[in-house]
Amino acid sequence: MGNVPLTMSSSVSAHSDGRVRSYSSQDFLNRELSWLTFNERVLHEAFDERNPLLERLKFIAIFSTNLDEFYMVRVAGLRRQVAAGVQQAPPDGMTPRAQLDAISDRVAGLIARQQQCLHNLLLPALHEEGLRLVTMADLSPAEWLMVDGYFESQVFPVLTPLAVDPGHPFPYISNLSLSLAVEIRDPERDITRFARVKIPPSLPRWVPIGRANHFVPLEQVVGANLGSLFPGMEVLEWHPFRITRYSDLDVALADEGDDLLEAIEQQVLQRRFGEVVRVEVAADMPEDMRQVLLEELRDDEEGEEGMPVTDRDVHAAGSLLELGDLMALASLDFPHLRDVPLLQVTPPELRDPDSSIFDVLREQDMLVHHPFHSFENTVEHFLEAAAEDPQVLAVKCTLYRTSGDTEIVRALTDAAARGKQVAVLVELQARFDEANNINWARTLEDHGVHVAYGLQGLKTHTKTALVVRREADGIRRYFHIGTGNYNTKTARTYTDIGLLSSSPSLAADLSDLFNMITGFSRQKLYRKLLVAPANLRARTLELIAREVKNALEGRDAHIIAKMNSLVDAEVIGALYDASSAGVEIDLIVRGICCLRPGVPGLSDRIRVTSIIGRFLEHSRIFYYHNDGEPEYYIGSADWMPRNLDRRVEAVAPVERPELKGRLWSLLQVCLRDDRQAWDMLPDGSYSQREPGLGPTRATHVVLQGDPWGEASGQPTA
């Protein structure tokens, strides 16, 4: 339908009879607590005995790194709001202070569960399989000698002991670094001192001891050899600790003439000095040492924007901190303790060596489904073919996150070297990938690529590539629009959908979009593409409102939406209105969901499913029944304020009937999943479905073959 206006507009408060309905704070769930509930589902995968042991260990690591980012960004932001006296609450009504208190209580319970799972379940089970983490006390004399030799040759030269006394101020402690707090006694002066030793992140965390697959943590190796660092002193005790700092970027350009690249570089450098928001300590650290550490951190952070750290910000865990490092152990070669390897396939349309990808796309649109379809043989192949084809005149692409081993950058630089016009939008503000993207931007510029850094005040999150080709009948444009990044690594572990096409109307929209993000344009009108911030919010509300109109007129009405997160209050209000009007709504939301499903009189017809499993559910798919003429959309945007208002996003219709059928099949197997799916309850909690004899019996068929088979089970394994 393009941008043809619909007959009814949607509002979070408008009823068909003109009455106004307002929604109270009780109708919304808190975003931060919903995220913690999501991470709890991730942690559950570590408890789930149906998963192989090393995969369970992997989920412990993912839970830990997820929590790190949550504190660096979300908790840090709340702390700054409290320090600034902000009282404004989100739609759920919780003030920043109330959110911090609730987060603290919830996280304490999650950490306790994480420690129970790791130390009581996983490590003992791995011990039985021959993979063991041991202590220095467990080593034989010969093993001691070997580890000591490793310390002297590889570790000792890297270490820098830092004393704390009147002549040595408390040292700067970098974000997420693992350190030892050491208490030392000077026997000549009979005084005790505090010292800090940083565990080098450049060295392997798990030190082999000589026995196959037996390791001792690096911090224990350092701790056992502290006498070498403090000769003549008595080491009384040592305990590991770790801090988390505010790490979001706050790029405020003085005017439009400022250099965004330079501003981001400065922010990345400043990030390491952000205020401390969390202190992790080993459970056996004595209280007096904790207090010394907190006092020194408070003094060190005086004058920062956030709140000073207190006892409430101290997380006492087990003997092991920095559990993200467990990912290295989860990658060890124990095939029987890991998932069956995924066999990726090339779509049938691209298997004919005598037909170019442009020949195929000239005749028909294609959908690719990663990781089941090979990223290398589809998306990378598309851009490599564009670089090599002498008929290609121009290539345009957006890069939000890319990987070090990607062929995407190589294809873009090759295209420029062959004389094609190549323009790339590199999003410098992709969180925690800023430094990587700065490097990629400079690499591309060095090869003659025209590089843009985005629009002021907006992140460019869309995943799009456009190829302009001269053909016998004129100029034709080919393109890819996807839900995932141009990242070879994540394409193997995230589920994403991509549309490859030469549709003239969508290609024209993409040309307008690229002109907007690389030049000066205030483009608002698009033929078929839903673009944020131009029209995505309004069109989404219109599409929901059309289902409301059909329901009120007695027609079937149904919405299915698959996304990462659902936060936007206006969209949630529109869904509540739709439910009240009789629209059936199925939401597949992996992470945050601020909507309450199944509340009588509010959301009776809304069901929310979350799928957590082997692959990260990352695809965004939207289905609107449209009175029996269904419309499907895929794209990069979740229903969150940032995606609808503060990012450049593109959501594209999928129009070929066969491709619509494939998306329907995918949505249905997600909704029928009884292995990895959780049902959300009205109070925001989740209930995992009981596995039965349903479609998951054929999981291995999906992993090794047709990713679209309707009877082949949940395609995300």
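Just above, that's the structure.
The following refers to the structure shown. Worth saying up front: this structure is predicted, and the values here are computed from it rather than measured.

With that out of the way, let us pick up helix H1 (residues 31-47). Between its first and last C-alpha atoms H1 spans 25 Å; for 17 residues at 1.5 Å apiece the expected length is 24 Å, and the two agree. Most of H1 is tucked away: 15 of the 17 residues are buried. Sitting at the head of H1, Asn-30 places a side-chain oxygen 3.0 Å from the backbone nitrogen of Glu-32.

Looking now at the side chain of Asp-673. Note that Asp-673 resides in the loop between helix H18 (657-672) and strand S26 (677-680). For the buried Asp-673, no salt bridge is present, and the opposite-charge side chain at shortest range is Arg-689, 5.5 Å distant. Polar contacts involving the side chain of Asp-673 include one to the main-chain amide nitrogen of Arg-675, which spans 3.0 Å.

Attention now goes to the sheet that holds strand S8 (residues 276-282). Spatial ordering of the open sheet is given by S2-S4-S3-S7-S8-S9, a layout of 6 strands whose pairing is mixed. Looking along the sheet, the strands with just one partner apiece sit at the ends: strand S2 (162-164) and strand S9 (314-317). Strand-to-strand, the axes of this sheet are offset by a mean angle of 30°, without reference to chain direction. With 8 bridges connecting them, strand S3 (residues 178-186) and strand S4 (residues 191-198) associate as antiparallel partners. Across the sheet, Arg-185 pairs through a bridge with Thr-192, a residue of S4.

So, about the packing of aromatic side chains. Counted under the stated rule, the structure contains 13 aromatic pairs. Between Tyr-624 and Tyr-633, the aromatic rings sit 6.2 Å apart at their centres with planes inclined by 75°, giving edge-to-face as the arrangement. On the accessibility criterion, Tyr-624 (2% relative accessible area) is buried. The exposure class of Tyr-633 is buried, given its relative accessible area of 4%. Against the face of Tyr-686 rests Arg-41, its NZ or CZ located 3.7 Å from the ring centre.

Basis of the calculations
Residues numbered from 1 in each chain as written. Predicted model: local features only at pLDDT ≥ 70, side-chain atom pairs only at ≥ 80, totals over all residues. Heavy atoms only, no water. Helix = DSSP H or I, 4+ residues; strand = E, 2+ residues; numbered from the N terminus. Expected span 1.5 Å × (residues − 1). Buried < 20%, exposed > 50% of the residue type's maximum accessible area, 1.4 Å probe, protein only. Polar contact = N/O pair within 3.5 Å; in protein donor to acceptor, adjacent residues only side chain to side chain. Lys, Arg positive; Asp, Glu negative; His and termini not counted. Salt bridge = Lys/Arg side-chain N within 4 Å of Asp/Glu carboxyl O. Pairing = 2+ DSSP bridges. Axes fitted to C-alpha atoms, helices over the stretch in contact; angles between N-to-C directions. Phe/Tyr/Trp six-rings, centres within 6.5 Å; stacked < 30°, edge-to-face > 60°. Lys NZ or Arg CZ within 6 Å of the ring centre and 35° of its normal.

None of this, on its own, says anything about what the molecule does.
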